[in-house]
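# Topology and contacts: notes
Residue-level listing of the chains:
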Protein chains: 2
Amino acid sequence: MDIERIEAAATRLTGHVRRTPLLSSPFLDEIAGRRVLVKPECLQHTGSFKYRGARAAVSALPEDVRANGVIAFSSGNHAQGVALAAQQFGVAAVIIMPSDAPRMKIDNTRALGAEVVLYDRSTEDRDAIGAELSNARGLTLIKPFDEPEVIAGQGTCGLEIADQAKALGVTEAEVLVCCGGGGFTSGIALALDAKSPGLRVRPVEPEGFDDVTRSLKSGRIERNAATSGGLCDAIITPQPGAITFPIMQRLCGPGIVVTDDEAQMAMAQAFARLKLVAEPGGAVALAAALYHADEIEGDTVVVTISGGNVDRPVFIAALERFGEG
Amino acid sequence: MDIERIEAAATRLTGHVRRTPLLSSPFLDEIAGRRVLVKPECLQHTGSFKYRGARAAVSALPEDVRANGVIAFSSGNHAQGVALAAQQFGVAAVIIMPSDAPRMKIDNTRALGAEVVLYDRSTEDRDAIGAELSNARGLTLIKPFDEPEVIAGQGTCGLEIADQAKALGVTEAEVLVCCGGGGFTSGIALALDAKSPGLRVRPVEPEGFDDVTRSLKSGRIERNAATSGGLCDAIITPQPGAITFPIMQRLCGPGIVVTDDEAQMAMAQAFARLKLVAEPGGAVALAAALYHADEIEGDTVVVTISGGNVDRPVFIAALERFGEG
């Protein structure tokens with residue numbers, strides 16, 4: 001993995017991926033005790049950064065391979081990204097999703113033209129289901145994070161952060177990234193290391209699913225005890241990737257772990273102060289900036305809001321519990 | 001009023017006003033039956049387009065006049081825009097607000113450093129209160145819409161729409177603008193007339209407060225029967241302005257009138273499809289695109305979301321009544 005691959009992805013994504021703005025609010029600065037710059041990937045096509053990596057990976061396939069279609073495993077955001085990318089290339093997409101994935105994510109994936117195959121997390125083997133479909137139809141697997149072209153696509157968000165921070169005169173800051181398997185985190189870290197090395201990435205995870213934080217601490221890949229059940233569905237993964245982990249080890253600062261309550265509080269702040277809809281997993285980095293200020297260094301912090309695909313009752317619950325006014 | 005004044009405002013606003021993106025969603029296109037491009041001014045500083053005009057007007061004042069401070073009448077969005085602009089110039093701002101304005105708007109205006117004076121709409125004369133304060137302290141009145149520098153500032157949003165539409169190859173479209181007194185509408189209309197004359201502005205208003213629509217139809221300034229009480233507080237004004245009306249007469253197509261229910265339905269769509277928080281008055285143009293498609297011409301429509309400063313219970317009510325999932 002190197003910066004050339006990210007720049008090549010950026011070239012392929014031009015005119016397709018949305019360049020999201022860098023937002024701010026004096027009210028958030030006040031809570032955080034420092035300047036907070038927000039990169040809202042909830043405004044990306046399909047409502048999350050995942051479209052970047054999906055389009056990068058699908059566009060990198062040889063044309064004859066791509067023509068047979070693609071397949072992906074996903075609880076929802078990667079699913080929508082792959083579905084849209086495949087639709088844009090006019091090829092088939094099969095998405096294998098857990099039956100307890102958020103309703104909006106399942107519906108949207110279908111609406112983007114993908115064939116959705118639901119499986120029961122507790123009784124069925126998704127890999128077996130996927131292997132059978134792939135073999136029968138010649139589909140190419142688009143992995144959610146541990147895949148160089150996917151990491152390169154997510155890294156294009158880091159190129160934008162480097163540019164936008166520079167335009168604001170920010171050359172030293174910590175960059176908080178919502179972290180599941182580490183594709184977004186490692187992609188942004190690679191881009192910033194090459195383009196703006198004073199910006200250092202910090203992975204942020206939800207309590208109970210802090211595999212990356214523990215792995216960075218111990219120096220080897222640690223697994224989560226549970227692999228489902230948390231509020232932050234978008235970033236719950238069993239363990240860091242074999243490709244992403246060494247990149248994070250080399251380039252990232254220590255992880256930060258937030259509670260589900262803090263994620264919901266950050267959702268309420270994003271509503272009130274940024275006019276943005278963040279999903280729980282997409283709000284953990286903002287939660288770290290606002291409620292873990294003592295774990296962060298510097299007078300400016302950059303945070304990603306990685307996605308906004310949240311079911312209505314979950315969003316209303318966060319506002320009712322933690323909103324003001 | 002001419003394009004030079006808008007361009008001069010744009011120069012003064014560079015580095016202060018946020019260039020909001022142009023968003024879209026295939027789900028909205030499907031409801032509308034045509035391509036829908038969304039200009040989200042809810043992402044502007046202070047959560048609405050009003051900061052553009054306020055900063056333009058405050059920055060145009062001679063320095064010695066500005067130093068005495070400014071005063072404004074507003075139910076909330078203009079208030080916040082003027083408060084922030086004054087704070088940035090280090091001068092005093094006095095804002096006269098109705099006591100029934102949305103709580104968030106009153107709180108935010110205070111938090112931005114302004115002195116807020118509340119009055120009772122039914123028993124007190126806000127003009128008398130304002131005149132007394134202005135005279136005593138030498139404050140300059142920043143009018144909410146019927147003022148050339150304010151119109152010029154709002155027009156900078158039109159310059160961005162012209163640029164962004166052009167980049168997408170869109171040169172013919174109707175541009176739906178959430179319309180109160182007509183400052184935003186006439187400013188955008190002037191900018192588009194000069195920069196992209198194939199983009200034609202259509203004012204959009206809430207039922208019961210359709211003074212601009214009726215005035216455009218009759219050819220003379222018509223008043224609303226009521227001047228308060230609607231859901232769309234941000235765009236409820238007694239009548240079109242003496243400066244804004246002739247501009248709208250010359251450049252705009254017929255007005256479109258939407259119901260409060262349609263505005264709430266559009267808020268629910270902005271939540272689900274754009275991950276944006278729109279206030280009721282800020283959602284009327286999107287409502288027109290989605291639910292009044294037969295009143296619109298062409299295969300592409302541009303809509304403004306003019307603001308996102310909505311109290312939590314009002315937002316939750318819209319999602320509960322009209323959200324899906």
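In this report, we go over the structure that sits alongside the text. Remember, it's a predicted structure, so these values are computed and weren't measured experimentally.

### Structural notes on the relation of the copies chain A and chain B
Each copy superposes on the other: chain A lies on chain B with an RMSD of 0.0 Å after a rotation of 180° and an axial shift of 0.0 Å. Within this description, the copies of the chain are treated as partners about a two-fold rotation axis. Residue L276 of chain A, judged by its C-alpha, is the member of chain A lying nearest the rotation axis, at 2.5 Å. Looking at chain A, 100% of its interface residues are interface residues in chain B too, so the copies touch through the same face.

### Considering the pattern of salt bridges
All names here are of chain A. Overall, the coordinates contain 34 salt bridges over all chains when judged by the stated rule. Taking the shortest distance from any N to any O, the salt bridge between K39 and E160 comes out at 2.7 Å. One end of the pair, K39, is in strand β1 (residues 35-40); the other, E160, is in helix α8 (residues 148-167), and 121 residues separate them in sequence. Like E160, K39 is buried. Overlapping salt bridges, with partners in common, bring together K39, E41, R52 and E160 in one network.

### Quick look at the pairing of strand β6 (residues 173-178) of chain B
A regular strand places its side chains so that they alternate between the two faces of the sheet. Residues and elements named next belong to chain B. With six of six residues buried, β6 is to be regarded as a mostly interior element. Of the two faces of β6, the one lined by A173, V175 and V177 and the one lined by E174, L176 and C178 are each fully buried. One ladder, built from six bridges, connects β6 with strand β7 (residues 199-206); its direction is parallel. Bridge assignment links V177 to a residue of β7, and that residue is P203. Between the parallel pair β6 and β7, the chain is carried across by helix α9 (residues 183-195), and the sense of this crossover is right-handed. Across three bridges, β6 lies against strand β9 (residues 300-305) in parallel orientation. When the bridges of β9 are listed, V175 appears paired with V302.

### Regarding the sheet that holds strand β3 (residues 93-98) of chain B
Residue and element names in this part refer to chain B. Strand order across the open sheet formed by four strands is β4-β3-β2-β5, with parallel pairing between neighbours. The open sheet terminates on both sides in strands that have one partner only, identified here as β4 (115-119) and β5 (140-141). Judged from the two bridges that link them, strand β2 (residues 70-73) and β5 form a sheet pairing that is parallel. Bridge pairing in β5 places I71 opposite L141.

### Overview of the state of the cysteines
The tally for this structure, following the rule as stated, stands at zero disulfides over all chains. Of the cysteine sulfurs around C42 of chain A, a residue in no disulfide, the closest is that of C178 of chain A, at 9.9 Å. The buried category is assigned to C42 of chain A, whose relative accessible area is 1%. Note on C157 of chain B: no disulfide assigned, nearest cysteine sulfur contributed by C178 of chain B at a separation of 10 Å.

### So, the packing of helix α12 (residues 260-274) of chain B against helix α14 (residues 312-322) of chain B
Residue and element names in this part refer to chain B. Orientation of α12 relative to α14, taken along the N-to-C sense of each, is 90°, at an axis distance of 8 Å. Considering their axes alone, α12 and α14 lie roughly perpendicular with respect to each other. Mapping the contact onto sequence places D261, Q264, M265, M267, A268 and F271 in α12 and V314, F315, A317, A318, L319, R321 and F322 in α14. Of the residues that constitute the contact of α12 with α14, the class distribution is ten nonpolar, one polar and two charged.

### Things to note about unusual backbone geometry
Trans peptide bonds make up most of the peptide bonds, and negative phi angles are found at most residues other than glycine. The phi torsion at K275 of chain A lies on the positive side, around 60°, for a residue other than glycine. Its identity as a non-glycine residue notwithstanding, T46 of chain B has a phi of 70°, on the positive side. With respect to the helices and strands, the residue T46 of chain B is situated in the loop between β1 (35-40) and α3 (50-60).

### Some thoughts on the sheet that holds strand β8 (residues 256-258) of chain A
Residues and elements named next belong to chain A. Pairing within the open sheet is parallel, and its five strands lie in the order β1-β9-β6-β7-β8. What marks the edges here is a single partner per strand, and that holds for β1 and β8. With strand direction ignored, the average angle separating the axes of adjacent strands in the sheet is 25°. As paired strands, β1 and strand β9 (residues 300-305) are joined by six bridges and run parallel to one another. Note on β9: the bridge partner recorded for K39 is T304.

What counts, and at which threshold
- Residues numbered from 1 in each chain as written.
- Chains lettered and ligands numbered in written order.
- Predicted model: local features only at pLDDT ≥ 70, side-chain atom pairs only at ≥ 80, totals over all residues.
- Heavy atoms only, no water.
- Least-squares fit on C-alpha atoms with pLDDT ≥ 70 in both.
- Contact = heavy atoms within 4.5 Å.
- Salt bridge = Lys/Arg side-chain N within 4 Å of Asp/Glu carboxyl O.
- Helix = DSSP H or I, 4+ residues; strand = E, 2+ residues; numbered from the N terminus.
- Buried < 20%, exposed > 50% of the residue type's maximum accessible area, 1.4 Å probe, protein only.
- Pairing = 2+ DSSP bridges.
- Right-handed = clockwise from strand over helix to strand, strands pointing away.
- Disulfide = S-S within 2.5 Å.
- Axes fitted to C-alpha atoms, helices over the stretch in contact; angles between N-to-C directions.
- Parallel < 35°, antiparallel > 145°, perpendicular 65-115°, else oblique.
- Nonpolar A, V, L, I, M, F, W, Y, C, P; charged D, E, K, R; others polar.

The values are spatial; any link to function lies outside them.
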